[in-house]
Amino acid sequence: LDFAIESAQLAGRLTLRYFNADTPAEMKADNTPITIADREAEELLRRRIADAFPTHGILGEEFGESPGCSPARWILDPIDGTQSFISGVPLYSVLVGLEWEGEMVVGVIHLPALGETVHAARGLGCRWNGRPARVSGVTDLARARLVVTSTKLMAAHGRAAAFERLRAACYTDRGWSDAYGYALLATGRAEVVLDPVMSIWDNAALLPIVTEAGGTFTDWTGQTTHRAREALATNGHLYDAVLRELRGD
């Protein structure tokens, strides 16, 4: 955990050199942006892991998989929220997760431009800038703060109706999310986070953080996993109510 925190913070410091500095972006095949900051941050993380844990596997968004010969695999997203990054919005993050025998055991969300780090390890709880972090105690969906990355993506992935039901049932909704939304949930500043499209490097660090903070991290059907192509996080108290709205019960 300590290594993961330090690595995420070092990578974050690197990204700040390019933030709000007219850094150009290219578009990848999936129509998402990438910058030199994404590449250099992942290269930094990979070098550190290879030096410290040469038998561990590594899976990163920008440079793919480097198989290891250990039960351990690091899963990296060097800049989660590159759209925020290139827009000058300080809500992007560095995500570092450690998988052990297929299960997520460590997660770090580091928000370089905000100076916030939320992290957790299985059985050790969740912490936010060094102090204990916990989900909120809201038990009524009508008082819930719903966070999403993009409402447009809901329709693009056939989830508009389910999203609108949930949004209508919640108190308020906000955007510019990416991993920042899950950090808000784990620290009691939001109750529900919903994403219709995710990748393993988006999910991996989030699962231990949300669950160790007392929340739930699942797919839209309620299965706890970091391998789904979607994500739903709740503060736990609202889990059943959120699933009912998504199903239309």
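Residues numbered from 1 in each chain as written. Predicted model: local features only at pLDDT ≥ 70, side-chain atom pairs only at ≥ 80, totals over all residues. Heavy atoms only, no water.

### Considerations on the overall build of the protein chain
Reasoning step 1: Of regular secondary structure, the protein chain possesses nine helices and 15 strands.
Reasoning step 2: For the protein chain, the C-alpha radius of gyration of 17 Å lies close to 18 Å, the compact-globule estimate for 249 residues.
Reasoning step 3: Dimensions of the protein chain along its principal axes, counting C-alpha atoms only, are 50 × 40 × 30 Å.
Reasoning step 4: Burial analysis of the protein chain (249 residues in total) assigns 55% to the buried set.
Reasoning step 5: In the protein chain, the proportion of contacts linking residues at least 24 apart, taken out of those at least 6 apart, comes to 59%.
Reasoning step 6: With an accessible surface of roughly 10,600 Å², the protein chain has 49% of that area assigned to carbon and sulfur atoms.
Reasoning step 7: Averaging the locations of the 24 positively and 32 negatively charged side chains of the protein chain gives two centres separated by 4 Å. (Helix = DSSP H or I, 4+ residues; strand = E, 2+ residues; numbered from the N terminus. Rg over C-alpha atoms; globule rule 2.2 N^0.38 Å. Buried < 20%, exposed > 50% of the residue type's maximum accessible area, 1.4 Å probe, protein only. Contact = heavy atoms within 4.5 Å. Areas by Shrake-Rupley, 256 points an atom, 1.4 Å probe, with all protein chains shown as cover. Lys, Arg positive; Asp, Glu negative; His and termini not counted. Charge placed at Lys NZ, Arg CZ, Asp CG, Glu CD.)

### A word on the packing of helix 1 (residues 2-16) against helix 2 (residues 36-52)
Reasoning step 1: Their axes nearest at 9 Å, the elements helix 1 and helix 2 cross at an angle of 150 degrees. With respect to helix 2, the axis of helix 1 lies roughly antiparallel. Between helix 1 and helix 2 lies a crossing whose hand is right-handed. In this structure, helix 1 contributes Phe3, Glu6, Ser7, Ala8, Leu10, Ala11, Leu14 and Thr15 to the contact, and helix 2 contributes Ala37, Glu40, Ala41, Leu44, Leu45, Arg48, Ile49 and Ala52.
Reasoning step 2: Within the contact of helix 1 with helix 2, the residues separate by chemical class into eleven nonpolar, two polar and three charged. (Axes fitted to C-alpha atoms, helices over the stretch in contact; angles between N-to-C directions. Parallel < 35°, antiparallel > 145°, perpendicular 65-115°, else oblique. Left-handed = near helix turned anticlockwise from the far one by under 90°. Nonpolar A, V, L, I, M, F, W, Y, C, P; charged D, E, K, R; others polar.)

### Points about the packing of helix 5 (residues 160-169) against helix 9 (residues 239-247)
Reasoning step 1: The contact between helix 5 and helix 9 brings their axes to 7 Å, and the two run at 135 degrees. Between helix 5 and helix 9, the crossing angle belongs to the class labelled oblique. In this structure, the crossing between helix 5 and helix 9 has a hand that is right-handed. From helix 5, Ala162, Arg165, Leu166 and Ala169 reach across to helix 9, where they touch Val242, Glu245, Leu246 and Arg247.
Reasoning step 2: Within the contact of helix 5 with helix 9, the residues separate by chemical class into five nonpolar, no polar and three charged.

### Some details on the environment of threonine 35
Reasoning step 1: Among the structural elements, threonine 35 can be located in the loop between strand 2 (33-34) and helix 2.
Reasoning step 2: Linking threonine 35 and methionine 104, residues 69 residues apart in sequence, is a C-alpha distance of 28 Å.
Reasoning step 3: In contact with threonine 35, not counting residues within four places along its chain, are Thr23, Pro24, Ala25, Thr82, Phe85 and Ile86.
Reasoning step 4: Among the polar contacts listed, one links the side chain of threonine 35 to the backbone nitrogen of alanine 37, at a separation of 3.1 Å. (Polar contact = N/O pair within 3.5 Å; in protein donor to acceptor, adjacent residues only side chain to side chain.)

### A word on the pattern of salt bridges
Reasoning step 1: Applying the stated criterion across every chain yields a total of 15 salt bridges.
Reasoning step 2: Residue arginine 189 pairs with glutamate 116 through a salt bridge whose shortest N-O separation is 3.1 Å. Taken together, the residues span a long stretch of sequence, with arginine 189 in the loop between helix 6 (179-186) and strand 13 (192-195) and glutamate 116 in strand 8 (residues 116-121) at a distance of 73 residues.
Reasoning step 3: Residue glutamate 116 is classed as buried on the basis of its relative accessible area of 13%.
Reasoning step 4: Among the charged side chains, a network of salt bridges with common partners joins Glu65, Arg73, Glu99 and Arg227. (Salt bridge = Lys/Arg side-chain N within 4 Å of Asp/Glu carboxyl O.)

### Structural notes on the environment of arginine 13
Reasoning step 1: Tracing the chain through its elements places arginine 13 in helix 1.
Reasoning step 2: As a C-alpha pair, arginine 13 and valine 94 span 81 residues in sequence and 10.0 Å in three-dimensional space.

### Details of the environment of glutamate 6
Reasoning step 1: Note on placement: glutamate 6 falls in helix 1.
Reasoning step 2: Residue glutamate 6 is classed as partly exposed on the basis of its relative accessible area, which comes to 44%.
Reasoning step 3: Spatially, the C-alpha atoms of glutamate 6 and tyrosine 182 are 20 Å apart, while their sequence positions differ by 176 residues.

### Re helix 5
Reasoning step 1: By the burial criterion, the buried members of helix 5 are Ala162, Phe163 and Leu166. Looking down the long axis of helix 5, one finds its buried residues gathered within 95 degrees of arc, a one-sided arrangement. For helix 5, the exposed residues lying more than 90 degrees away from the buried face are Ala161 and Ala168.
Reasoning step 2: Tucked inside the fold, the buried residues of helix 5 contact strand 11 (145-148), helix 4 (151-156), strand 13 and helix 9. (Arc of directions from axis to C-beta.)

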